[in-house]
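# Breakdown of the fold
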Amino acid sequence: MCEIDLNSNKLEYIVSACLAGEKCSYDGRDRLNDEVFKLAAEGRAIALCPEVMGGLPVPRTLSEIPGGDGAGVLAGTIRILNKDGEDVTEAFIKGAERFLEVAKTHGIKKAIMKAKSPSCGVGLIYDGSFSKRLIKGDGVTAALLKREGIEVEAR
Ligand code: SF4
């Protein structure tokens, strides 16, 4: 993860680690966003990956949420499957809870999350068919952050 001072009183954001340059995406690559990288480098953002926090490896098999969104997963009505058909729901939920816990510990009220991800996506996510089709909804971590009153935006 990005090196930052966790005691910094400058912390304003929690962000998706891949946007800050961490090579934690399912394909072992980053999704670098210059604005988010700068926030982390300045000590204004803590950068973490919920899927890694939930215990999933890098690289890992791509996952999507079939027939619903992160709110449905948190409600216990939808399971998350990876492309091999394995149920990875528990890892996604555990990662979301740990991500939220860090935000709360540091009193962070704003998040910048990677668009379209089944964990981090905000407003739009892939539909579970692994065909790049998008549906309205949030990823699991984004849904949990919103539920807890944290302002979430996507990049
Ligand atoms: Fe990036 Fe979020 Fe996926 Fe981790 S879970 S690689 S932070 S989009």
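Residues numbered from 1 in each chain as written. Predicted model: local features only at pLDDT ≥ 70, side-chain atom pairs only at ≥ 80, totals over all residues. Heavy atoms only, no water.

## A few points about the environment of Val15
Defined as follows: Think of it this way: any DSSP run of H or I at least four residues long counts as a helix, any run of E at least two long counts as a strand, and we number them from the N terminus. Here's how the labels work: a residue is buried when its accessible area is under 20% of the maximum for its type, exposed when over 50%, partly exposed in between, all with a 1.4 Å probe on protein chains only. Contacts are assigned to residue pairs that have any heavy atoms within 4.5 Å of one another.
Along the chain, Val15 falls in strand E1 (residues 13-16). Residue classification places Val15 among the buried residues on the basis of a relative accessible area of 0%. With residues near it in sequence (within four places) discarded, Val15 still touches Val36, Ala45, Ile46, Ala47, Leu48, Phe99 and Ile112.

## Remarks on the site of the ligand
Note the threshold: The cutoff for a nearby residue is simple: one of its non-hydrogen atoms must lie within 4 Å of the molecule or strand. Note that Gly is not counted as nonpolar here; it falls among the polar residues with everything else outside the nonpolar set of Ala, Val, Leu, Ile, Met, Phe, Trp, Tyr, Cys and Pro and the charged set of Asp, Glu, Lys and Arg.
In the vicinity of the ligand, 14 residues are found, and the nearest of them are Cys18, Cys49, Glu51, Lys114 and Cys120. Residue classes in the shell around the ligand are distributed as 7 nonpolar, 4 polar and 3 charged.

## A word on the sheet that holds strand E5 (residues 110-113)
Put simply, the rule is: Following DSSP output, two strands are said to pair if at least two bridges run between them. Every angle, taken between N-to-C directions, lies between 0 and 180 degrees, and every axis is a line fitted to C-alpha atoms, over only the stretch in contact when it is a helix.
In space, the 4 strands of this open sheet follow the order E2-E1-E5-E8, with parallel pairing throughout. Edge positions in the sheet fall to strand E2 (45-48) and strand E8 (151-154), since each of these pairs with one other strand and no more. Neighbour-to-neighbour, the strand axes of this sheet turn through a mean angle of 20°, independent of strand direction. Relative to E8, E5 runs parallel, the two being bridged by 4 bridges. Bridging from a neighbouring strand, Ala111 pairs with Val152 of E8. Helix-sheet contacts for helix H4 (residues 89-105) involve E1, E2 and E5, and the interaxial angle to E1 is about 155°.

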